[in-house]
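Summary of the model geometry
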Amino acid sequence: MLLGDGSQSYMEELKQDIKTRNLEDRFIWHEAVPNEQLYKIYSAADVAVWPWGASAGLLEAMSCNLPIIIGKDSMVTELVDFENGFTYEEGDVANLAQQMEKLIDPQLREKMGANSRRYIESRLNWRSLAQQFIELV
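Looking only at helices and strands, the protein chain features 6 helices and 5 strands. Ordered by position from N to C terminus, the α and β elements of the protein chain give β-α-β-α-β-α-β-β-α-α-α. Each of the three principal axes of the protein chain carries a C-alpha extent, and together these read 55 × 30 × 25 Å. Taking all 137 residues of the protein chain together, 28% fall into the buried category. Contacts in the protein chain between residues far apart in sequence, at least 24 positions, make up 43% of those at least 6 positions apart. Carbon and sulfur atoms make up 52% of the accessible area of the protein chain, which totals about 9,500 Å². For the protein chain, the separation between the mean place of its 13 positive charges and that of its 22 negative charges on side chains is 5 Å.

If you want it as structure tokens, here you go:
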């Protein structure tokens, strides 16, 4: 499932590439949804792939028990230190595909997804965030 949109030229290029490879039946295109409805999309997914940078949506996906795949240059690679995902070389489609293939294993996806949720619950809860703030001050 591809959620959201991008520049019209990029979206057309992506759609054409998928059509050329005869993969149209393997993709679901979904328009952007309001933030309060994203959990429904995340809950229907198996993996969260953030190809460029990171956003709050990545943390929301983790809270929905999703393993994550992020670029090594994303500046948030510590998010996979909890054995909940992988990094890949940005711009290297083959490396991204290798990381995605690892998550074909349903047991690994389930374990990593549970680790994502535990990361959010243990490190990003209000008590933990307040303690981190106190330690900084």
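Once the structure has been displayed, the description carries forward.
The next point concerns the packing of helix 3 (residues 56-63) against helix 5 (residues 106-123). At a closest axis distance of 7 Å, the pairing of helix 3 and helix 5 adopts a crossing angle of 115 degrees. For the pair formed by helix 3 and helix 5, the contact residues are Leu59, Met62 and Ser63 on the first element and Gly113, Ser116, Arg117, Tyr119 and Ile120 on the second.

Now for the side chain of serine 128. For serine 128, the location among the structural elements is in helix 6 (residues 126-136). Residue contacts for serine 128: discarding those within four places in its chain leaves Ser122 and Arg123.

Summed over all chains, the structure comprises 4 salt bridges. With a closest N to O distance of 2.9 Å, arginine 21 and aspartate 17 form a salt bridge. Glutamate 121 is paired through a salt bridge with arginine 117; the nearest N and O atoms lie 2.8 Å apart. Taken as a pair, glutamate 121 and arginine 117 lie in helix 5 at a separation of 4 residues, close to a single helical turn. The class of glutamate 121 is partly exposed, set by a relative accessible area of 42%.

With that settled, consider the layout of surface pockets. A volume near 2,200 Å³ is recorded for the largest pocket. Sorting the residues of the lining of the largest pocket by element identifies strand 1 (2-3), helix 1 (8-20), helix 2 (38-44), strand 3 (48-50) and helix 4 (93-102) as the ones contributing at least two each. Looking at the lining of the largest pocket element by element, the count peaks at 6 residues for helix 1. For the lining of the largest pocket, a count of residues per class yields 33 nonpolar, 5 polar and 10 charged.

This part takes up the packing of aromatic side chains. Scanning all chains against the criterion turns up 2 aromatic pairs. Between tyrosine 42 and tryptophan 50, the ring centres sit 6.4 Å apart and the planes meet at 45 degrees, which makes this aromatic pair tilted. Residue classification places tryptophan 50 among the buried residues on the basis of a relative accessible area of 15%. Taken together, a centroid distance of 5.5 Å and an interplanar angle of 75 degrees make the contact between phenylalanine 82 and tyrosine 119 edge-to-face. With phenylalanine 82 in the loop between strand 4 (68-71) and strand 5 (85-88) and tyrosine 119 in helix 5, this pair connects stretches of sequence that are 37 residues apart.

A word on the environment of glutamine 107. Within the element layout of this structure, glutamine 107 appears in helix 5. Exposure remark for glutamine 107: the relative accessible area of 63% places this residue in the exposed category. Separated by 42 residues in sequence, glutamine 107 and asparagine 65 place their C-alpha atoms 13 Å apart.

So, how was this worked out
Residues numbered from 1 in each chain as written. Predicted model: local features only at pLDDT ≥ 70, side-chain atom pairs only at ≥ 80, totals over all residues. Heavy atoms only, no water. Helix = DSSP H or I, 4+ residues; strand = E, 2+ residues; numbered from the N terminus. Buried < 20%, exposed > 50% of the residue type's maximum accessible area, 1.4 Å probe, protein only. Contact = heavy atoms within 4.5 Å. Areas by Shrake-Rupley, 256 points an atom, 1.4 Å probe, with all protein chains shown as cover. Lys, Arg positive; Asp, Glu negative; His and termini not counted. Charge placed at Lys NZ, Arg CZ, Asp CG, Glu CD. Axes fitted to C-alpha atoms, helices over the stretch in contact; angles between N-to-C directions. Salt bridge = Lys/Arg side-chain N within 4 Å of Asp/Glu carboxyl O. 1 Å grid on protein atoms, 1.4 Å probe; cavity = no way out; pocket = protein on both sides within 12 Å on 5 of 7 lines; lining within 4 Å. Points joined across faces, edges and corners; volume = space filled by probe spheres on them. Nonpolar A, V, L, I, M, F, W, Y, C, P; charged D, E, K, R; others polar. Phe/Tyr/Trp six-rings, centres within 6.5 Å; stacked < 30°, edge-to-face > 60°.

Note that all results are geometric; they support no functional claim without further evidence.
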